[in-house]
Amino acid sequence: MREPVRYSDAIRFLGADEERVVELVDRLGDDSALDLLGARTDLVRFAHRVLNRLDREAHRLNRLERTRRIAAAHSMIVVTAFFESLDDTELPFELDGRSASLDAATTDASSPKHLGEFVALLVGSAPPLPRPQRPAADARARVRRFYARRCKQLPPVLRRMRLWGELGEAHRSAITDRLGPALTDRCLRRYEELRDKLAASFPEFGAWANLHADRGRYTGVPEATTGLTRLRHQLQSISTGTVPSVAQAALARAHRERLTAPLARLGGAGTGAHLPPLGLSYVDPRFRATEIGPGSLPHDPAWWAAATPERDDVSEFLLGHFTSPRALGVPLVVLGPTGSGKSALARMLAARLPETDFCVVRVAAGELAERDGAAELGERLAAATAPATGTTMAGRDALPVLILDGLEEVSTLAPVSRTELLAGLAAFQRDRARAGSPVAVVVTCRDATAARVRFPTGSVAMRLADLTEEQIANWVETWNRVNLSYFDHHGVQPLDRAVLARHAALARRPLSLLLLALYDSTGNALHRLSAPLRESVLYERWLRRLADSADRADPAATGRPAAAASDPAVRTGRIEQALLAASVLAFSMLNRGGWHVPAELVTADRDRLLDWPAHYAPPLDPVRLGCVVPAEDAAGGAPPGRLAFTHPVLGEYLVARLVAEELAGLAEARMRELRAIRPSPPEDAFLYALLSFTPLSASEEVPRLLAERLRLLAPDVRDELRLVLAELLRDADRGGSHRQYADYRPVAAPLAARDAAYSANLMLALVAVHGDAVPLRELFGADAELRWRRYAHLWKSQLPPEQWAGLVHALDVRDGPDGLTVHPGRAAEAPAPGAPPGPAAVPVDRPALAAAPEAPPSAQTDLGLVAREAALLADHATQRLLHAVQPLVRVFGGDVTARREGAPSDAHLLLTLAFGSGDADDPALVAAYERAFGLAEGLDSDERLRFSVFLLRQLRGHTHRLGARLVPLVSRHVRPIGVSRRARAAVRRLADEHNEHVGAIRDILAGRW
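Residues numbered from 1 in each chain as written. Predicted model: local features only at pLDDT ≥ 70, side-chain atom pairs only at ≥ 80, totals over all residues. Heavy atoms only, no water.

As recorded by an unreviewed UniProt entry, the protein carries the name ATP-binding protein and is attributed to Marinactinospora rubrisoli.

Enquirer: Describe the overall build of the protein, listing the residues and the values that go with them.
Expert: Secondary structure assignment for the protein yields 49 helices and 12 strands. Here the protein, with 1009 residues, has 55% of them falling under the buried criterion. For the protein, long-range pairs separated by at least 24 residues make up 76% of all intrachain contacts whose partners lie at least 6 apart in sequence. Summed over all atoms, the accessible surface of the protein reaches about 41,600 Å², with 53% contributed by carbon and sulfur. (Helix = DSSP H or I, 4+ residues; strand = E, 2+ residues; numbered from the N terminus. Buried < 20%, exposed > 50% of the residue type's maximum accessible area, 1.4 Å probe, protein only. Contact = heavy atoms within 4.5 Å. Areas by Shrake-Rupley, 256 points an atom, 1.4 Å probe, with all protein chains shown as cover.)

Enquirer: So, the pattern of salt bridges: which residues are in play, and what are the values?
Expert: Taken as a whole and assessed by the stated rule, the structure comprises 61 salt bridges. The partner of aspartate 447 in a salt bridge is arginine 463, with the nearest N and O atoms 2.6 Å apart. Separated by 16 residues along the polypeptide, aspartate 447 in helix 23 (residues 447–450) and arginine 463 in strand 6 (residues 460–464) bring together distant segments of the chain. Classification of aspartate 447 as buried rests on a relative accessible area of 7%. (Salt bridge = Lys/Arg side-chain N within 4 Å of Asp/Glu carboxyl O.)

Enquirer: Go over the side chain of arginine 131, please, and point to the residues and values.
Expert: Residue position: arginine 131 is located in the loop between helix 7 (111–123) and helix 8 (136–153). One polar contact links arginine 131 to glutamate 291, side chain to side chain, over a distance of 3.0 Å. Residue contacts for arginine 131: discarding those within four places in its chain leaves Glu3, Arg142, Trp208, Asn210, Glu291 and Arg326. (Polar contact = N/O pair within 3.5 Å; in protein donor to acceptor, adjacent residues only side chain to side chain.)

Enquirer: Requested: an account of the sheet that holds strand 12 (residues 819–824), with residues and values cited.
Expert: Sheet strands line up and pair through hydrogen bonds in the backbone, either parallel or antiparallel. Across the sheet, three strands lie side by side as 10-12-11; this open sheet has antiparallel pairing. Because the sheet does not close on itself, it has two edges, and the strands there are strand 10 (774–775) and strand 11 (811–816). Where strand 10 meets strand 12, two bridges bridge the pair, whose relative direction is antiparallel. Across the sheet, proline 775 pairs through a bridge with threonine 821, a residue of strand 12. (Pairing = 2+ DSSP bridges.)

Enquirer: Outline unusual backbone geometry, supporting the account with residue identities and numerical values.
Expert: Positive phi is not limited to glycine here, since asparagine 210 has a value of about 55°. On the secondary structure map, asparagine 210 appears in the loop between helix 13 (203–208) and helix 14 (212–215). Overall, the relative accessible area of 3% leaves asparagine 210 in the buried class. The backbone phi angle of alanine 874 is positive, close to 50°, even though this residue is not glycine. Taking the relative accessible area as the measure of exposure, alanine 874 reaches 2% and is therefore buried.

Enquirer: So what's going on with the nonpolar core? Which residues, and what values?
Expert: Counting 128 residues, the largest nonpolar core has Trp479, Met763, Trp788, Trp795 and Leu811 as the members making the most contacts within it. For this core, the element with the most residues is helix 34 (residues 648–673), which contributes 13 residues. Counting 58 residues, the second-largest nonpolar core is a separate cluster that includes Phe46, Leu61, Phe83 and Leu86. (Core = buried A, V, L, I, M, F, W, Y, C linked by side-chain atoms within 4.5 Å.)

Enquirer: Please set out the confidence of the model for the protein residue by residue, giving values where relevant.
Expert: Detail in the predicted coordinates should be disregarded across regions flagged by low pLDDT. When pLDDT is averaged along the protein, the result is 84, and 86% of the positions lie at 70 or above. Contacts for the low-pLDDT stretch residues 216–222, under 50 throughout, to residues beyond four places or in other chains number 17 contacts. Counting interchain partners and residues more than four positions distant, the pLDDT-below-50 stretch residues 834–853 has 38 contacts. (pLDDT = per-residue confidence, 0-100.)

Enquirer: Explain the packing of aromatic side chains to me, using residue names and the numbers behind them.
Expert: Within the structure shown, the criterion is met by 18 aromatic pairs. Judged by centre distance (5.2 Å) and plane angle (40°), the rings of phenylalanine 287 and phenylalanine 317 are tilted. With phenylalanine 287 in strand 1 (residues 287–291) and phenylalanine 317 in helix 19 (residues 314–322), the pair connects residues that are 30 residues apart, well separated along the chain. Across this residue pair, the class does not change: phenylalanine 287 and phenylalanine 317 are buried. Grouping aromatic residues by their ring pairs yields a cluster made of Phe780, Trp788, Tyr791 and Trp795. A cation over a ring is seen here: arginine 150 above phenylalanine 146, with NZ or CZ 4.6 Å from the ring centre. (Phe/Tyr/Trp six-rings, centres within 6.5 Å; stacked < 30°, edge-to-face > 60°. Lys NZ or Arg CZ within 6 Å of the ring centre and 35° of its normal.)

Enquirer: Talk me through the pairing of strand 3 (residues 358–364); I want residue IDs and the actual numbers.
Expert: The buried fraction of strand 3 is high, at seven of seven residues. With burial as the criterion, each face of strand 3 is covered, one bearing Phe358, Val360, Arg362 and Ala364 and the other bearing Cys359, Val361 and Val363. Here seven bridges tie strand 3 to strand 4 (residues 399–405), and the two strands are oriented parallel to one another. Across the sheet, valine 361 pairs through a bridge with leucine 402, a residue of strand 4.

Enquirer: Which residues make up the side chain of threonine 323, and what are the values?
Expert: Relative to the elements of secondary structure, threonine 323 occurs in the loop between helix 19 and strand 2 (332–336). The buried category is assigned to threonine 323, whose relative accessible area is 0%. A distance of 3.4 Å separates a polar side-chain atom of threonine 323 from the backbone oxygen of glycine 320. Every residue in contact with threonine 323, bar those within four places of it in the chain, is listed here: Arg63, Thr67, Glu204, Trp208 and Leu235.

Enquirer: Run through the packing of helix 29 (residues 535–553) against helix 34, naming residues and quoting values.
Expert: For the pair helix 29 and helix 34, the least separation of the axes is 11 Å and the interaxial angle reads 95°. Taken together, helix 29 and helix 34 sit at an angle that is classed as roughly perpendicular. Contacts from Ser536, Tyr539, Glu540, Leu543 and Arg544 in helix 29 reach Val649, Leu650, Tyr653, Leu654 and Arg657 in helix 34. Along the lines of polarity and charge, the residues of the contact of helix 29 with helix 34 split into six nonpolar, one polar and three charged. (Axes fitted to C-alpha atoms, helices over the stretch in contact; angles between N-to-C directions. Parallel < 35°, antiparallel > 145°, perpendicular 65-115°, else oblique. Nonpolar A, V, L, I, M, F, W, Y, C, P; charged D, E, K, R; others polar.)

Enquirer: Lay out the sheet that holds strand 9 (residues 642–645) with the relevant residues and their values.
Expert: With antiparallel pairing, the three strands of this open sheet are ordered in space as 7-9-8. For this open sheet the edge positions go to strand 7 (596–598) and strand 8 (628–630), each flanked by a neighbour on one side alone. Across the sheet, the mean angle separating the axes of adjacent strands is 35° when strand polarity is ignored. Bridge count between strand 7 and strand 9: three bridges; the pairing is antiparallel. By the bridge assignment, proline 598 is partnered in strand 9 with arginine 642. Sheet strands in contact with helix 32 (residues 599–609) are strand 7 and strand 9, and its direction is about 85° off that of strand 7.

Enquirer: How would you sum up a positive patch on the surface? Please name residues and give values.
Expert: Together, Arg145, Arg149, Lys152 and Arg944 line one region of the surface with positive charge. On the basis of relative accessible area, lysine 152 is assigned to the exposed category, the value being 67%. (Patch = residues over 30% accessible without salt bridge, like charges linked within 9 Å, V, L, I, M, F, W, Y side chains within 5 Å. Lys, Arg positive; Asp, Glu negative; His and termini not counted. Charge placed at Lys NZ, Arg CZ, Asp CG, Glu CD.)

Enquirer: With reference to specific residues and values, describe empty space enclosed by the protein.
Expert: Gaps left between atoms are located by rolling a probe of water-molecule size over the structure's atoms. Taken as a whole and judged by the stated rule, the model has seven cavities of 30 Å³ or more. Of the volumes computed, that of the largest cavity is approximately 100 Å³. Taken together, 15 residues line the largest cavity, and the ones lying closest to its centre are Glu408, Thr412, Arg418, Trp595 and Ala698. Of the residues in the lining of the largest cavity, the class split is five nonpolar, four polar and six charged. One number sums up the size of the second largest cavity: a volume of about 60 Å³. (1 Å grid on protein atoms, 1.4 Å probe; cavity = no way out; pocket = protein on both sides within 12 Å on 5 of 7 lines; lining within 4 Å. Points joined across faces, edges and corners; volume = space filled by probe spheres on them.)

Enquirer: Help me get a handle on helix 28 (residues 510–520), residues and values and all.
Expert: Each full turn of the α-helix corresponds to 3.6 residues, which orients residues three or four apart in the same direction. A large share of helix 28 lies buried, amounting to 10 of its 11 residues. Turning to helix 28, its buried residues number three or more, namely Leu511, Ser512, Leu513, Leu514, Leu515, Leu516, Ala517, Leu518, Tyr519 and Asp520. Where helix 28 is buried, its residues contact helix 24 (469–482), helix 26 (497–501), helix 27 (504–507), helix 29 and helix 34.

Enquirer: Describe the packing of helix 38 (residues 751–770) against helix 40 (residues 784–798), and please don't skip the residues or the numbers.
Expert: The description of two helices packed together rests on the angle between their axes and the distance between the axes. Close contact between helix 38 and helix 40 brings their axes to 9 Å; oriented N to C, the two are set at 120°. Overall, the two elements helix 38 and helix 40 adopt an arrangement that is oblique. The handedness of the crossing between helix 38 and helix 40 is left-handed. Along the contact surface, helix 38 presents Ala752, Ala753, Asp755, Ala756, Ser759, Ala760 and Met763, while helix 40 presents Trp788, Tyr791, Leu794, Trp795 and Gln798. A class-by-class count of the residues in the contact of helix 38 with helix 40 yields nine nonpolar, two polar and one charged. (Left-handed = near helix turned anticlockwise from the far one by under 90°.)

Enquirer: Explain the environment of histidine 490 to me, and be specific about the residues and the numbers.
Expert: By the element assignment, histidine 490 lies in helix 25 (residues 484–490). Among the residues examined, histidine 490 registers a relative accessible area of 46% and is labelled partly exposed.

Enquirer: Please give an account of the pairing of strand 2 that cites residues and values.
Expert: Within strand 2, five of the five residues are buried, which leaves the element mostly enclosed by the surrounding structure. Burial of strand 2 is two-sided: the residues Leu332, Val334 and Gly336 facing one way and the residues Val333 and Leu335 facing the other way are all buried. Relative to strand 5 (residues 440–446), strand 2 is paired through five bridges, and the arrangement is parallel. Considered in strand 5, the bridge of valine 334 is made with threonine 444.

Enquirer: An account of helix 20 (residues 342–352) is requested, with residue identities and associated values reported.
Expert: Most of helix 20 is tucked away, with nine of its 11 residues classed as buried. The complete set of buried residues in helix 20 reads Lys342, Leu345, Ala346, Arg347, Met348, Leu349, Ala350, Ala351 and Arg352.

Dropping the structure here:
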């Protein structure tokens, strides 16, 4: 059943066992039917019978049956409320051909047809369905608009009656008023009464309509703000108690057992503190929710703040989503910055959705095979959700829920982009729905990844908000309670909220809050800090503590020299060696496209890259670090024998750390060389080995963390580093001269691909150390643009699709009076944890053809990537074309140039109507007008009026040519409008012109020209 449900389909579905009612609806669907009075009486009685029957049978319906019946019943009560309110409206005659002899009473022959069309339109209408991602006021406003349109269609019916001409002006005015806003208000009040009755029978419908927002929480369900327990209680209260299959029960049990595991294995052994179980410590997040459309900016906190209010009813929202038809057609996208709790929410969902009604399969995105395309993904997901169908009757009624956790962890070496992967996932969901076995889909994704991904249109998105002071207090209370014995035994003070407040920016995200708690659990380390910690400094201090603790834990096994206990220099050296080995492990993952890697490859990479002197004590194996675990423990499904970091951001930080250390070393070496008698070129063999396989922008966090590390360098070192990087970049095509680490080849890559990755990384590092614009003329000289194009086209030709997309969003190229300049991309400029949302994205200056720079189209549109690619490639021809269609993009969005299934784009049709109508045949021209009027429906009121005037002006000129072909189109779209006397003069002038064109077009079609 599609969403929203047409009234006629709802009656056929709900009245399948009442043949007379179905036949009545079929007759009313024929626009020659006129007996509205008798029909509405029968249909109102039927509606109340159905509501009473549903109330009795609700407990016997399975999950999908409940959803379908709620959606159908809602469409039924919307139209029923209209019928009942119309019955209460006093008119001097009935809308009934039998009692009022309407055929004889009409003043022209079109009146019966006119009333029949109204009845058919009403029966075939699809009332708007409440959606949990929208506020309650929005659902009420959309239903009110539905009634207002129906009420506006009634007066033309009355004006064609003979009795209308016999009424005085006062009576006519009174009747018109009764069928105007007054009738709309009565319809809305009656609808709300029927809606509340439906919500009493089906509590989940109350969550669809967000009724709890105005009336308090539902009674009978205990309040809870942790562990999503409220969601589980609500779903269990409406469950039919169907027995799950054996496989389904085992899967649900495994999900629940993960809630007893520690919150995150971030290396608790480094302190001895107890990590609370996820089910105990999880704090229900605050969030914002909306739908993703062509103009959406899901990565931008400022866009979210302007688009939708922050909410604290996550259980009600999830209840509404998973029980609504919307969940069966589009994915739920969970967004948030790094460490905001997206994966924790995914695990909680998997455990809290009752197995009697849902079969949840959680797939870590990093588990997907590198070569998986859309077809392979569909096969994998179908196999993953197979337990939901079962081989016996048990479990067959459960709704499969697929959770794809961590979209940012999909291999960057895959031949398909993440956007294509999501498109394949959406197609899989549509195919399952058409086959009658729908599946709900959840995808978790970082904000920074969302900047470069196009989500399926209409996807429901929720963005997790930062923790509030109250939520932090609740979490700290749980932490202190779990660690009470540890604190007493070690003489450590419990975590103090006042001390935590100094680091409020970090404490507002769950991951960094946990790291702060762990860091403070050893000797109350936070008490000794006088300044707030930076994110990168927190990671650094925590990893150093883990390395030292792991090295001291078993000196015989780790090879720790005895001098490390008394000599701080030896101890520091051991820590540095351990972090260097861990950084090489992180590069082993990054350069292989993911965040887990076979353990034997890690050892091989370390042997090829790190040549320790024979007299050195063996460095600490990264496997002993508490933050490195078997991949199956971190991802919950990765192949055995592989290693992973407990959280990918720790690996990303180690990558940025090693690059920053190597760059600082190069700069300091150059400063020493300047004092030498015989200076030598920079020695970048190790840097080339690390950076010649994958651009750092393949991971959105690495450029940001790298920039933060480089800002900590001394000013003179940063200045020298700019010169060193510029020299290396100008000579980056000499990759064949690096022989020292030739054996290190994590992936097979030709020399051109390695040169592309290395030069791209040098540019990323140069932008990071500059912190702002990098003038290419200063970098490359007079032929800067030519040199830049050469590099940019090399990158596009050699990098895999996802790595190229990452680079496009990491480098922002602008053309100005001083030539091309390169700026950090929006993902690299993401705010630090807990920082307030910054201003909306600054418009990117494209070719200097416009008086003011235009913002690039959203990544959720057809032109999003095209515009950014053209800027990076300095492709002025494409930029000129984009500039030419910018007025259309500004009004109709970045999809105006999209071609679907080979059909002409909207931009092509609009330009055809304006300038090329002489070359189009009549059917094509009528189709173009049909699509153009459809475009107008999606515009704001002012833009819609201006565009409608343009269309009517063009249509007026084509009316003689097209003649009768236009009659259906004109009847649907061409009608006069009225504006308030308080409207602006410009609006009134447009309305007058609009009505003039409408009158002229109707006169021409009526043959009175």
